[in-house]
Amino acid sequence: MTRIADRDRNALDRRDDWRDSASCAGLDSRVFYAEGRGSTAQVQQAKRICSGCPVTKECADYAITNGEYYGVWGGMSQKELREKRRRFTSKSKTSMRAAA
Ligand code: SF4
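Below is a short write-up of the structure. (Residues numbered from 1 in each chain as written. Predicted model: local features only at pLDDT ≥ 70, side-chain atom pairs only at ≥ 80, totals over all residues.)

1. Side note on the overall build of the protein chain
Phase 1: Regarding its fold elements, the protein chain presents 4 helices and 0 strands.
Phase 2: When its helices and strands are written in sequence order, the protein chain yields α-α-α-α.
Phase 3: By the burial criterion, 15% of the 100 residues in the protein chain qualify as buried.
Phase 4: Long-range pairs, those at least 24 residues apart, make up 48% of the contacts in the protein chain with a sequence separation of at least 6. (Helix = DSSP H or I, 4+ residues; strand = E, 2+ residues; numbered from the N terminus. Buried ≥ 20, exposed ≤ 12 C-beta atoms within 10 Å, placed from the backbone. Contact = placed C-beta atoms within 7 Å.)

Shown next as structure tokens:
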């Protein structure tokens, strides 16, 4: 019983390992959640941080598969992420129909 719990926990830890390499590790996460006035400049600031990040793909994949709808993820604004999610969902449905 304990071995299974340890294995599951290790799998979860590995799944989030990418966060350790993130350029935003340790930064104030509010930078990535722009609101109101100045939000365009704030999004650009967040995207600049993301532009040097070695785990943008992992970050974007995480946001898409975990339903993160707010903030900058994987170097993408909310709008860009929404578009990517729409394409991903559309492609997934097509693959499922083809497999059925
Ligand atoms: S892509 Fe941006 S939000 Fe995602 S981990 Fe890297 S710096 Fe953070």
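2. What to know about the site of the ligand
Phase 1: Surrounding the ligand, one finds 14 residues, the nearest of these being A22, C24, C50, C53 and C59.
Phase 2: Elements that contribute at least two residues to the shell around the ligand include exactly α2 (39-51) and α3 (56-65).
Phase 3: Residues that form the shell around the ligand fall into these classes: 10 nonpolar, 4 polar and no charged. (Near = placed C-beta within 6 Å. Nonpolar A, V, L, I, M, F, W, Y, C, P; charged D, E, K, R; others polar.)

3. Brief notes about the environment of V43
Phase 1: Note on placement: V43 falls in helix α2.
Phase 2: Residue classification places V43 among the buried residues on the basis of 21 C-beta atoms within 10 Å.
Phase 3: Residues V43 and Y33 lie 10 residues apart in sequence; the distance between their C-alpha atoms is 7.8 Å.
Phase 4: Setting aside residues no more than four positions away along its own chain, V43 makes contact with A34, V72 and S77.

4. Some remarks on the nonpolar core
Phase 1: Grouped together as the largest cluster of nonpolar side chains are 13 residues, with contacts concentrated most on C59, A60, A63, V72, W73 and M76.
Phase 2: Broken down by secondary-structure element, the contributors of at least two residues to this core are α2 and α3.
Phase 3: In terms of residue count, the dominant contributor to this core is α3 (4 residues).
Phase 4: Residues within four places of W73 in sequence aside, it is in contact with C59, A60, A63, E68 and L81. (Core = buried A, V, L, I, M, F, W, Y, C linked by C-beta atoms within 7 Å.)

5. Some points on α2
Phase 1: For α2, with 13 residues, the first-to-last C-alpha span of 18 Å sits near the 18 Å given by 1.5 Å per residue.
Phase 2: Among all positions in α2, only V43, A46 and C50 are buried. Taken end-on, α2 shows its buried residues confined to a sector of 65°, consistent with a single buried face. Seen from the buried face of α2, the exposed residues on the opposite side, beyond 90 degrees, are A41, Q44, R48 and S51.
Phase 3: Contacts made by the buried residues of α2 are with α3. (Expected span 1.5 Å × (residues − 1). Arc of directions from axis to C-beta.)

6. Observations regarding α3
Phase 1: Those residues of α3 that fall on the buried side of the exposure criterion are C59, A60, A63 and I64. The buried residues of α3 occupy one face: seen down the axis, they fall within an arc of 130°. Summarising the geometry of α3, the exposed residues directed more than 90 degrees from the buried face are K57 and T65.
Phase 2: Structurally, α3 contributes buried residues whose contacts are with α4 (78-99).
Phase 3: Two residues or fewer after α3 comes G67, characterised by a positive phi angle close to 65°.

Geometric values such as these leave the question of function open.
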